[in-house]
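Topology and contacts: notes
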Amino acid sequence: YDSEDKTVGLVANGYAFTDGILMEGNGNEPEESVLLTDNPRFQLHRVHLAGARAGESEVLWRDLPGLADGMRRDSKGRIWLTMITNHGNQIPWVHAHPGVKPMLMKHPQLISFPSVTSLLLLSPDASTALWYTEHSQTRVTSIAAVTPGKLGLYVANFSDKTPGLHRIDNPVD
């Protein structure tokens, strides 16, 4: 938002529902790029904000197992990505029948998802999957965000059944 001329600048377009935004850069300079999820397509993108590729977008991951929500880096620069719910069989069918999409986007309550939530760990450049786990939605039902800490992984649970912040052991060193 530019407070002088009261406008909002568009960084990237062509996405139906972006989430899981993670800024990239060295911290001392303006951001070089941003990672974001394109949830209806189950993709992870990098949008270049500076340098020779400024304005370009690239798909880093296709066919993510679910609706990606939160992203955070750990102390080693690795990227933790949450899937609030996995997509199951209905969503690939919808993608194969694009005429159904507009109606479902207006009525998302009609979409049925399996009772599975998951965590994915990517390499610092987001090119390689280092670890992945799925959990049936029992105690931690829908992981919306993850924050790596010294004592473990802190996961925000999006649920009226089991609300709150949970901590799990960090499964990787």
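Structural notes, computed from the coordinates. (Residues numbered from 1 in each chain as written. Predicted model: local features only at pLDDT ≥ 70, side-chain atom pairs only at ≥ 80, totals over all residues. Heavy atoms only, no water.)

The next subject is the overall build of the protein chain. Scanning the protein chain from N- to C-terminus turns up two helices and 11 strands. In the protein chain, the succession of α and β elements from N to C terminus is β-β-β-β-β-β-α-α-β-β-β-β-β. Compactness check: the protein chain gives a C-alpha radius of gyration of 17 Å against a globular reference of 16 Å for 173 residues, within 12% of the reference. With the principal axes as the frame, the protein chain shows a C-alpha extent of 45 × 45 × 35 Å. (Helix = DSSP H or I, 4+ residues; strand = E, 2+ residues; numbered from the N terminus. Rg over C-alpha atoms; globule rule 2.2 N^0.38 Å.)

A surface patch of nonpolar side chains, about 360 Å² in accessible area, is lined by Val11, Ile21, Met23 and Leu49. Mapped onto the elements of the fold, Val11 is located in the segment before strand 1 (18-24). (Patch = residues over 30% accessible without salt bridge, like charges linked within 9 Å, V, L, I, M, F, W, Y side chains within 5 Å. Areas by Shrake-Rupley, 256 points an atom, 1.4 Å probe, with all protein chains shown as cover. Salt bridge = Lys/Arg side-chain N within 4 Å of Asp/Glu carboxyl O.)

Here the focus is the sheet that holds strand 9 (residues 143-148). Judged by pairing direction, the sheet is antiparallel, and its three strands sit side by side in the order 9-10-11 without closing on themselves. Every other strand in the sheet has two partners, leaving strand 9 and strand 11 (164-168) as the edge strands with one partner each. The sheet shows a mean angle of 25° between the axes of neighbouring strands, direction not considered. In this structure, strand 9 lies alongside strand 10 (residues 153-157), joined through five bridges in antiparallel fashion. Bridging across to strand 10, Val146 finds its partner in Val155. (Pairing = 2+ DSSP bridges. Axes fitted to C-alpha atoms, helices over the stretch in contact; angles between N-to-C directions.)

Spatially, 5-6-7-8 is the arrangement adopted by the four strands of the open sheet, whose pairing is antiparallel. Only two strands of the sheet have a single partner each, and these edge strands are strand 5 (66-73) and strand 8 (129-136). This sheet shows a mean twist of 20° between the axes of neighbouring strands, independent of strand direction. Taken together, the five bridges between strand 6 (residues 79-86) and strand 7 (residues 116-122) define a ladder with antiparallel strand orientation. Its bridge partner lying in strand 7, Met83 is registered against Ser118.

Now for the pairing of strand 10. Alternating residues of strand 10 divide into Leu153, Val155 and Asn157, all buried, and Tyr154 and Ala156, none buried. Remark: four residues form the turn of the hairpin made by strand 9 and strand 10, two consecutive strands paired antiparallel; Gly152 in that turn has positive phi of roughly 145°. Note: strand 10 against strand 11, five bridges, orientation antiparallel. Pairing of Asn157 across the sheet is with Gly164, part of strand 11. Linking strand 10 back to strand 11 in an antiparallel pair, the connection comprises six residues. (Buried < 20%, exposed > 50% of the residue type's maximum accessible area, 1.4 Å probe, protein only.)

A separate point is the packing of aromatic side chains. Scanning the model with the defined rule gives one aromatic pair in all. For the ring pair Trp80 and Trp131, a centre distance of 5.8 Å and an interplane angle of 65° mean the geometry is edge-to-face. Taken together, the positions of Trp80 in strand 6 and Trp131 in strand 8 put the pair 51 residues apart, joining distant regions of the chain. Since its relative accessible area comes to 22%, Trp131 is described here as partly exposed. (Phe/Tyr/Trp six-rings, centres within 6.5 Å; stacked < 30°, edge-to-face > 60°.)

Moving on to unusual backbone geometry. Where the residue is not glycine, phi is negative for most of them; where a peptide bond is considered, it is trans in most cases. Of note in the backbone geometry, Lys6 takes a positive phi value of approximately 55° without being a glycine. When you line up the elements, Lys6 lands in the segment before strand 1. The exposure class assigned to Lys6 is exposed, which follows from its relative accessible area of 58%. In this structure, Asp63 takes a positive phi of about 60° despite not being glycine. Its relative accessible area of 68% is what places Asp63 among the exposed residues.

Further remarks concern the layout of surface pockets. To find leftover empty space, a probe the size of one water molecule is rolled over the atoms. One number sums up the size of the second largest pocket: a volume of about 190 Å³. Forming the boundary of the second largest pocket are Asp74, Ser75, Lys76, Arg78, Pro148, Gly149, Lys150, Leu151, Gly152, Asn170, Val172 and Asp173. In the lining of the second largest pocket, the residues fall into three nonpolar, four polar and five charged. (1 Å grid on protein atoms, 1.4 Å probe; cavity = no way out; pocket = protein on both sides within 12 Å on 5 of 7 lines; lining within 4 Å. Points joined across faces, edges and corners; volume = space filled by probe spheres on them. Nonpolar A, V, L, I, M, F, W, Y, C, P; charged D, E, K, R; others polar.)

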